[in-house]
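# Tertiary structure, described
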Amino acid sequence: MLSVLAPLCVTALAALSTTSARAEEVDEQPQLQMSKPIRCMRGPEGRPVRVQCEPEGGGQRCLVAPATNAYTGEMLEGLGMCTSEEGPEAYAALAASGARLVPALADALPGYARSDTGRAFQVKFDLMNRLYIGASWVPTFQIRDRGTGPTFGPFARGSAEAGIHLSILSPHARARHELRILEGSATFDDLELNGVVFSYDYQHRHRRPAFWLSTFIGPPAVFPVAARTGWGFRIFSVNDRPPAFRNALDMEFGELHLSWHPWQSRDMYSFLRLEAGGDFGHYWQNRAEASEGLDTGQWYAGPTAAVRSRFSLGEGGLHMITTEMTYRRPTAMNGVHGAPSGAAINRLDALLAYEGVLLAINDQPLSVRLTAGGNTRNDLVEDLRSVELRLSAGLRMSFWAPPRVFEPMPELEDP
Amino acid sequence: MSHALGVLKMLGMLGVLLVLVAPGRARAEEGQGQSQGVRTGAARGEDVDDGDYRVSEEGHRFRVRFDPASRIWVGVASALTGDAREPAVRGPELSLGLSYRALHISGAGPLRVVWQADHRVLAGWVVPTARPMQGIPALDATVYSASFLRHDESPRIVLPTSPPVGVPFPFDVGVEAEVGRVWVPPVAPLGQAGQAGQAGQAGQAGQAGQAQGGHSPFMRIGVVHASALLDPWRSGKPGRSLEVGLGVRYDIDAHAAPAPSSASSATSASDAPPPLGRPRLVHRVAPMTAGSVRARVQAADGLTAVDGRVDVVPHWTSEGTWQLMVLSAAHFERTLLAIQDQPIFAVLEGAYRLTPPALDAAEIHDLRVSLGLSWALQLN
């Protein structure tokens, strides 16, 4: 596995350094701004150019950018609207007026930059709106309180993953909706499967109070309560063959929680969230019995709690840190194999993850993802406790991730 | 011991509640003074909107006075219940009900007459975890009850002489009635044999039926209760009265029928509460012998209210004897918070009932103390 990853990392770092050099070059050349008037005309060689003039001293300073690709000669993509379309004489008149003509790069859409050839390339990424596939190296350490004792490994454990993230900001509602669809991973060669079919979370930053609270201890007083609450749910999550219980299958059919956000960024992209709720599902100590239907194994239900956070570093969306700590306490609803009904167990999972965009291929970002996580749990039947620690280092290829947009939100949400 | 601990915990919680309320009242008075000052100066942006509402500095109008007798309420509490001679049982208690107070005022000055009508519908409490009999939790609920009090600023009795003579009459008058009250005590009464055994007399159970030394399922249905009332306090203010009543009362006590001894032992072995089965009924009738005293006090802003009553009911029973029944209850509530002008209030209740022995059941000394929070939807 290392032999595979090492060249990849070298390539990625080399690509990163190239990108940085290019970015510096690009920074040196001025660029037209899409928010200001742009005149479109023909240059001295008859090629279309885009001109943006501003007063400078007693005269004018005009940025002149070619509107065609330097290599292909085709019109550039992602250009703003021309304020005016002018004939070939306009450029000559501009030069004759004494304006200082400065070569520049054409304007680009928000989240994009232009290379010196004129090609627009994406420099900001919203990693919460994407379809991704990835692969990583996942060395794992696990211990059980009875049985084989502590084991380190499999060291050369790999994982493949895929999923769809959608994060929809609703400025008028001052709210954000987040969806995860068909997200899952499979390790090889021990084939541990983790996945969730669908999950949803809602958060808001409402300014209108949700309700008014009056107090009558002391002089009557009233306080607006606009708690940054939210809610969410999960449908059908699977954990099959975890390292400590190689023969177990856990299917969580549903989870519902309320949440509170002690901290949110202005656009709620970054947040700290506390969740409390409950879930229900089915657990098979012997996964082979699952093929015989839900009459085998054990139904369970219980409370859940979680602390989650996500921090986007910088405004480009190139770096993201996420943390998760989840607690579940499923209680068996029926007895099986000598395990009594009503038995409850504890499950605690924690994860710290960093993801950073290394490079983009045709504006589809390739990111590196590093995680450290662990969990502890005991199984419903034998009450064996396991502790599992895992690290991972891998790459994710994301598709159709749009640029991060910082849309200003209104002072008050719609009623 | 557990009974004593429970009582101590209750007293502790009551202490906390009083500490919360007592300084609050003092500050409330200060606050009232401030707000009265603001009424003329309006310097702090806080103004008295009208009697029931106030306007906050943010301009939000919020309610500061409530009618504690006009609401639909739902509450949860921790209740300590049981027979006075046995360890108390603590459990969660749910309460709910609807009450409505209507005031009808006519005349003015010395001719002012106020009718206060209090209605209560489907009001009561239930302890879901206490099941003294199969399928029915402990509860006390009333289908409908009402109280009508008439306050006259110049009360007098007119004697039909010629000319008529008006004799001052220093009481407000009224009537109260109650229909359809169901009471299932949390702990079923002991059989008399059991009571003897508990007293160390090694009772011979013999053929004492289902109550062979154990608890016998029991419930009471209060068919009707009606009293005429006199109020010597004559406050003329809503929710403040001292009512002395005398009236009629009809209750039916339903005791479990004797079960075969084998079934009884099987039931005992499984620890499951026995069913009421085909009950044996004891009718209790008080022919204008049901005496009562009730005191009600409520703060002018309705945030605090106290209601206590004692009923002493000598009555005739269908067993052909006269017996004495005692009922007492006290209720204290204090509004602490309101969400969207709907109050949340702390409630402390206590009750004691003495039910005389009947059939093979010993007399019942039923005690109940509960402390909890209720949320109300105001109707007035």
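Every chain is numbered independently, its residues counted from 1 as its sequence is written. A letter from A marks each chain and a number from 1 marks each ligand, given out in the order of writing. The predicted nature of this model means local features are confined to residues of pLDDT at least 70 and side-chain atom pairs, given and counted, to a pLDDT of 80 or more, with totals for whole chains, interfaces and linings taken over all residues.

To continue, consider the overall build of chain B. Put simply, DSSP marks the helices as runs of H or I at least four residues long and the strands as runs of E at least two long, and each gets a number from the N terminus on. Secondary structure summary: chain B contains 3 helices and 17 strands in total. When the 380 residues of chain B are sorted by exposure, 35% land in the buried category. We call two residues in contact whenever the C-beta atoms placed from their backbones are within 7 Å. For chain B, the proportion of contacts with a sequence separation of at least 24, taken over those separated by at least 6, is 64%. Labels follow a simple rule on C-beta atoms placed from the backbone: if 20 or more others lie within 10 Å of a residue's own, it is buried; if 12 or fewer, it is exposed; otherwise it is partly exposed.

On a plain count of helices and strands, chain A comes out with 2 helices and 24 strands. Classification of the 415 residues of chain A by burial places 28% in the buried group. A separation threshold of at least 6 residues defines the contact pool for chain A, and within that pool the share at least 24 residues apart is 63%.

Bringing the nonpolar core into the picture now. Counting residues in hydrophobic clusters, the biggest one holds 26 residues, and the most contacted among them are Val-347, Leu-348 and Ala-361 of chain B. Among the elements that line this core, the one with the most residues is strand E16 (residues 342–355) of chain B, at 4 residues. Here, a nonpolar core denotes buried Ala, Val, Leu, Ile, Met, Phe, Trp, Tyr and Cys residues that are linked to one another through C-beta atoms within 7 Å. Among the nonpolar cores identified, the runner-up in size contains 19 residues, and Met-41, Val-51, Ala-65 and Ala-106 of chain A belong to it.

Bringing the pairing of strand E13 (residues 280–298) of chain B into the picture now. All names here are of chain B. Note that strand E12 (residues 241–255) and E13 share 14 bridges and pair antiparallel. Bridge pairing in E13 places Glu-243 opposite Arg-294. Across 10 bridges, the pairing between E13 and strand E14 (residues 304–317) is antiparallel. Residue pairing across strands places Arg-296 opposite Asp-307, the latter belonging to E14. Two strands form a pair only when DSSP identifies at least two bridges running between them. Linking E13 to E14, which pair antiparallel, is a turn of 5 residues; within it Gly-302 sits at a positive phi near 75°.

Before going further, it helps to examine the interface of chain A and chain B. Opposite the 12 residues of chain A that make contact, chain B presents 21 residues. Secondary structure elements with two or more residues in the side of chain A that touches chain B: strand E14 (211–215) and strand E15 (221–225) of chain A. Here the element with the most residues in the side of chain A that touches chain B is E14 of chain A; it accounts for 5 residues. Throughout, the ten residues Ala, Val, Leu, Ile, Met, Phe, Trp, Tyr, Cys and Pro are labelled nonpolar, Asp, Glu, Lys and Arg are labelled charged, and all others, Gly among them, are labelled polar. Split by residue class, the side of chain A that touches chain B holds 9 nonpolar, 3 polar and no charged. In this sheet, strand E15 (residues 322–339) of chain B lies alongside E14 of chain A in antiparallel orientation, the contact comprising 3 bridges.

For the rest of this paragraph, the subject is the sheet that holds strand E2 (residues 48–56) of chain A. Strand pairing within a sheet occurs via backbone hydrogen bonds; the two strands may be parallel or antiparallel. Residues and elements named next belong to chain A. Here we have 5 strands laid out as an open sheet, ordered E4-E1-E2-E3-E5, and mixed in their pairing. Among the strands making up the open sheet, the edge pair consists of strand E4 (84–85) and strand E5 (100–103). By the bridge criterion, 2 bridges tie strand E1 (residues 39–42) to E4 in an arrangement that is parallel. Counterpart to Arg-39 in the pairing with E4 is Ser-84. Orientation is described by axes fitted as lines to C-alpha atoms, over the contacting stretch for helices, and by angles from 0 to 180 degrees between their N-to-C directions. Strand contacts of helix H2 (residues 88–96): E1, E2, strand E3 (59–66) and E5, with the helix running at about 100° to E1, the strand carrying the most contacts.

Take the confidence of the model for chain B next. Residue and element names in this part refer to chain B. Per-chain confidence: chain B averages 81 in pLDDT, with 75% of residues scoring 70 or above. Low pLDDT, under 50, characterises residues 17–49; the stretch is placed with 35 contacts to residues that sit more than four places away or in other chains. pLDDT runs from 0 to 100 and stands for how confident the predictor is about each residue. Here residues 196–212 is a poorly scored stretch, pLDDT under 50, and it has 31 contacts once near neighbours within four places are set aside; other chains count. Interface predicted TM-score (ipTM) for the complex: 0.72; the corresponding pTM is 0.63.

Let us look at the pairing of strand E16 (residues 229–240) of chain A. All names here are of chain A. Examined bridge by bridge, strand E13 (residues 193–204) and E16 share 10 bridges and lie antiparallel to one another. Bridge pairing links Gln-203 to Gly-230 in E16. Bridging between E16 and strand E17 (residues 249–264) involves 11 bridges; their strand directions are antiparallel. Across the sheet, Ile-235 pairs through a bridge with Gly-254, a residue of E17.

Negative phi is the rule for most residues except glycine; trans is the rule for most peptide bonds. With an omega of 0°, the peptide bond running from Ser-162 of chain B to Pro-163 of chain B counts as cis. Tracing the backbone through its elements, the reader meets Pro-163 of chain B in the loop between strand E8 (156–159) and strand E9 (165–168). Positive phi is not limited to glycine here, since Leu-182 of chain A has a value of about 50°. Counting through the fold element by element, Leu-182 of chain A comes out in strand E12 (residues 175–188).

Of all residues in chain A, 89% attain a pLDDT of 70 or more, and the chain-wide mean is 86. Every residue in residues 1–26 of chain A scores below 50 in pLDDT, and together they form 18 contacts with partners more than four places removed in sequence or on other chains.

Here the focus is the environment of Phe-141 of chain A. All names here are of chain A. On the secondary structure map, Phe-141 appears in strand E9 (residues 140–144). The partly exposed category is assigned to Phe-141, around which 16 C-beta atoms lie within 10 Å. Residues Phe-141 and Val-387, spaced 246 residues apart in sequence, show a C-alpha to C-alpha distance of 8.2 Å.

Here we take up the environment of Gly-78 of chain A. All names here are of chain A. Structurally, the position occupied by Gly-78 is in the loop between E3 and E4. When the C-alpha atoms of Gly-78 and Phe-121 are compared, they prove to be 9.6 Å apart, with 43 residues separating the residues in sequence. Setting aside chain neighbours within four positions, we find Gly-78 in contact with Ala-108, Leu-109, Tyr-112 and Ala-120.

Mapped onto the secondary structure, Gln-323 of chain B falls in strand E15. Non-local contacts of Gln-323 of chain B, meaning those with residues more than four positions away in its chain, are made with His-315, Thr-317 and Pro-356 of chain B.

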